[in-house]
Amino acid sequence: MSTPARRDGTPDRRKPARGGSVDRAVRARAAQSAERGNTSRGVRIGKKSPGAQKATPPRQVAQPPVVSNAKPARRQNVASAESGNHPKLPWGEGERLQKVLARAGVASRRAAEELIAQGRVEVDGLVVRGQGLRIDPRHAVVRVDGTRVVVREELVHLALNKPKGWQSTMSDDLGRPCVGDIVAERVAAGQRLFHVGRLDADTEGLLLLTNDGEVAHRLTHPSYEVAKTYLATVRGVVDRAVGKRLREGVELDDGPAVVDRFQVLELGEGRSLVKIVLHEGRKHIVRRLLSAVGHPVVRLVRTDIGPVALGNQRPGTLRVLGRDEVGKLYEAVSL
Ligand code: URA
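Residues numbered from 1 in each chain as written. Predicted model: local features only at pLDDT ≥ 70, side-chain atom pairs only at ≥ 80, totals over all residues. Heavy atoms only, no water.

Q: Explain the sheet that holds strand β3 (residues 121–123) here, please?
A: Within a sheet, adjacent strands bond to each other through the backbone by hydrogen bonds, running parallel or antiparallel. With respect to topology, 4 strands assemble into an open sheet ordered β4-β3-β6-β7, the strand pairing being antiparallel. What marks the edges here is a single partner per strand, and that holds for β4 (126–128) and β7 (147–149). Looking at each pair of strands side by side, their axes are set apart by 40° on average, direction ignored. Relative to strand β6 (residues 142–144), β3 is paired through 3 bridges, and the arrangement is antiparallel. The residue of β6 that forms the bridge with E122 is R143. (Pairing = 2+ DSSP bridges. Helix = DSSP H or I, 4+ residues; strand = E, 2+ residues; numbered from the N terminus. Axes fitted to C-alpha atoms, helices over the stretch in contact; angles between N-to-C directions.)

So this is what it looks like as structure tokens:
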């Protein structure tokens, strides 16, 4: 990954983010703004206030700055990062973009300014080059080099390696061990976490936990089709025809199911280890599919959800997803 280069803001060999014409317009507006004496204040964007006036996207290219009789700069909210469609924040609200980026772990404030100057930062779909832009992190969509950066401080995205025998629930009426026990301290501290989908009690492996409602909703929604990967130890020696059958589709009692990929990894004495990738989220789907082709599951581990991998995380442990993983997760569900 090229992330470290981005983190410290050193020059990047990739082409700049989209929006060159916006940049030109931004510079033209900045020049006009400076001409009026408005050199330091940012346009405030990202707040979704109903009824707020929408600005039209800048279309013009560099023109000589116009001396105008417009009102003093303090009242205008015009600055180097003309915001196109964004309602403006009331004066004094919002946070400086470089500060938001620094807090999100993208780079130091200084390096974040560099990223902005290099045209690598987008806010709500527009490239920002001017310094001083203020945004509302609760609503602004910020991307660096095209990858979404989650700037809402309160959002957490966690990967849990659920141990076998644990329920995928936040509490259990019967007092059985559940994932809620593993995140109990976080919940007690006020984090409103929920698990994204479920694993059977007997299934181990990757379970995502978050308080990010939108990403969780999309990850569990079939229309976003995020692939999940499982390793299954099954009874019997799996032959080649099994993969073909599974890829073509198998009729289950609640309708047909197909797998995207199927691979035999090991053949042992009366057992096989297979890898299976599918988008389906129906209950017991992997166990039912493998039973339907004559190979009941002995052990099942989920290893990947879209771009997030379990890796060598130990059972029962939690880890906070990295910024890149969260960015890819957002991308996987079109956010
Ligand atoms: N398929 C299953 O059979 N069980 C799980 O826990 C997940 C997918």
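Q: It is not clear to me how the nonpolar core should be interpreted in this structure. Could you clarify?
A: The tendency in soluble globular proteins is for nonpolar side chains to be buried as a group. Judged by nonpolar contacts, the single largest core of 30 residues is most densely connected at L246, F262, V286, L289 and L290. Sorting the residues of this core by element identifies β8 (157–162), β10 (204–210), β11 (228–235), α8 (240–248), β12 (250–252), β15 (271–278), α9 (285–292) and β16 (297–305) as the ones contributing at least two each. Ranked by residues supplied to this core, first place goes to α9 with 4 residues. Here this core gathers at least three residues from each of two domains, domain 2 (157–222 + 310–332) and domain 3 (227–305). (Core = buried A, V, L, I, M, F, W, Y, C linked by side-chain atoms within 4.5 Å. Buried < 20%, exposed > 50% of the residue type's maximum accessible area, 1.4 Å probe, protein only. Domains from an automatic or database assignment.)

Q: Could you clarify how one ought to interpret the pairing of β16 in this entry?
A: Two faces make up the sheet, and in a regular strand the side chains alternate between them. In this structure, β10 lies alongside β16, joined through 2 bridges in parallel fashion. The partner of G205 across the bridge, within β16, is R302. Sheet topology note: the β11/β16 ladder contains 7 bridges and is antiparallel. In the strand pairing of β16, K228 is matched with I305. Here 2 bridges tie β16 to strand β17 (residues 308–309), and the two strands are oriented antiparallel to one another. When the sheet's bridge partners are listed, I305 is paired in β17 with V308. The turn joining β16 and β17, which pair antiparallel and follow one another in sequence, is formed by 2 residues; a positive phi near 50° is taken by G306.

Q: How should the site of the ligand be read in this particular structure?
A: Taken together, L199, D200, T203, Y230, H284, I285, V286, R287 and L300 are the residues near the ligand. The side chain of D200 places a nitrogen or oxygen atom 2.7 Å from a nitrogen atom of the ligand. When the ligand is considered free in solution it has 240 Å² of accessible area, and contact with the protein chains removes 96% of it. Among the elements that make up the shell around the ligand, the one with the highest residue count is α9 (3 residues). Residues belonging to the shell around the ligand are distributed by class as follows: 5 nonpolar, 2 polar and 2 charged. Three or more residues apiece are contributed to the shell around the ligand by two domains, here domain 2 (157–222 + 310–332) and domain 3 (227–305). (Near = heavy atom within 4 Å. Polar contact = N/O pair within 3.5 Å; in protein donor to acceptor, adjacent residues only side chain to side chain. Areas by Shrake-Rupley, 256 points an atom, 1.4 Å probe, with all protein chains shown as cover. Nonpolar A, V, L, I, M, F, W, Y, C, P; charged D, E, K, R; others polar.)

Q: Please clarify how the pattern of salt bridges should be interpreted in this entry.
A: Opposite charge on two side chains makes pairing possible when the charged atoms of those side chains draw close. The full count for this structure, using the stated rule, is 18 salt bridges. Notably, a salt bridge pairs R288 with D253, separated by 3.1 Å at the nearest N-O pair. In this pair, R288 is assigned in helix α9 and D253 in the loop between β12 and β13 (255–257), connecting sequence segments 35 residues apart. For R282, the salt bridge is made with D254, and the minimal N-O distance between the two is 2.8 Å. Remark: D254 occurs in the loop between β12 and β13 and R282 occurs in the loop between β15 and α9; sequence separation between them is 28 residues. Overlapping salt bridges bring together D253, D254, E280, R282 and R288 as one network. (Salt bridge = Lys/Arg side-chain N within 4 Å of Asp/Glu carboxyl O.)

Q: Would you mind showing me how to read α9 here?
A: Structurally, the α-helix is built with 3.6 residues per turn, so residues lying three or four positions apart point the same way. Taken together, the buried positions of α9 are occupied by I285, V286, R287, L289 and L290. G294 sits one or two positions beyond α9 and adopts a positive phi of about 90°.

Q: Please clarify how the pairing of β11 should be interpreted in this entry.
A: Burial within β11 is extensive, with 6 of its 8 residues counted as buried. In this sheet, β15 lies alongside β11 in antiparallel orientation, the contact comprising 8 bridges. Within the sheet, the bridge partner assigned to V234 lies in β15 and is S272.

Q: What's the story with helix α7 (residues 213–220) in this structure? I'm lost.
A: What α7 keeps buried is the set V215, A216, R218 and L219. Each buried residue of α7 sits inside an arc of 165° when the element is viewed along its axis, so together they form one side. In this structure, the buried residues of α7 make contact with β8, β9 (194–196), β10, β11 and α10 (323–332). (Arc of directions from axis to C-beta. Contact = heavy atoms within 4.5 Å.)

Q: Would you take a moment to explain the confidence of the model for the protein chain for this structure?
A: Segments scoring low in pLDDT should not have their predicted coordinates read at a detailed level. Counting all residues, the mean pLDDT for the protein chain is 80, and 73% of those residues have values of 70 or more. Predicted confidence is poor over residues 1–86, with pLDDT under 50, and the contacts of this stretch with residues over four places away or in other chains come to 155 contacts. (pLDDT = per-residue confidence, 0-100.)

Q: Sorry, what's going on with the environment of G243 here?
A: Mapped onto the fold, G243 is located in helix α8. Classification of G243 as buried rests on a relative accessible area of 4%. Once the C-alpha coordinates of G243 and V264 are considered, the two residues, 21 residues apart in sequence, prove to be 8.3 Å apart.

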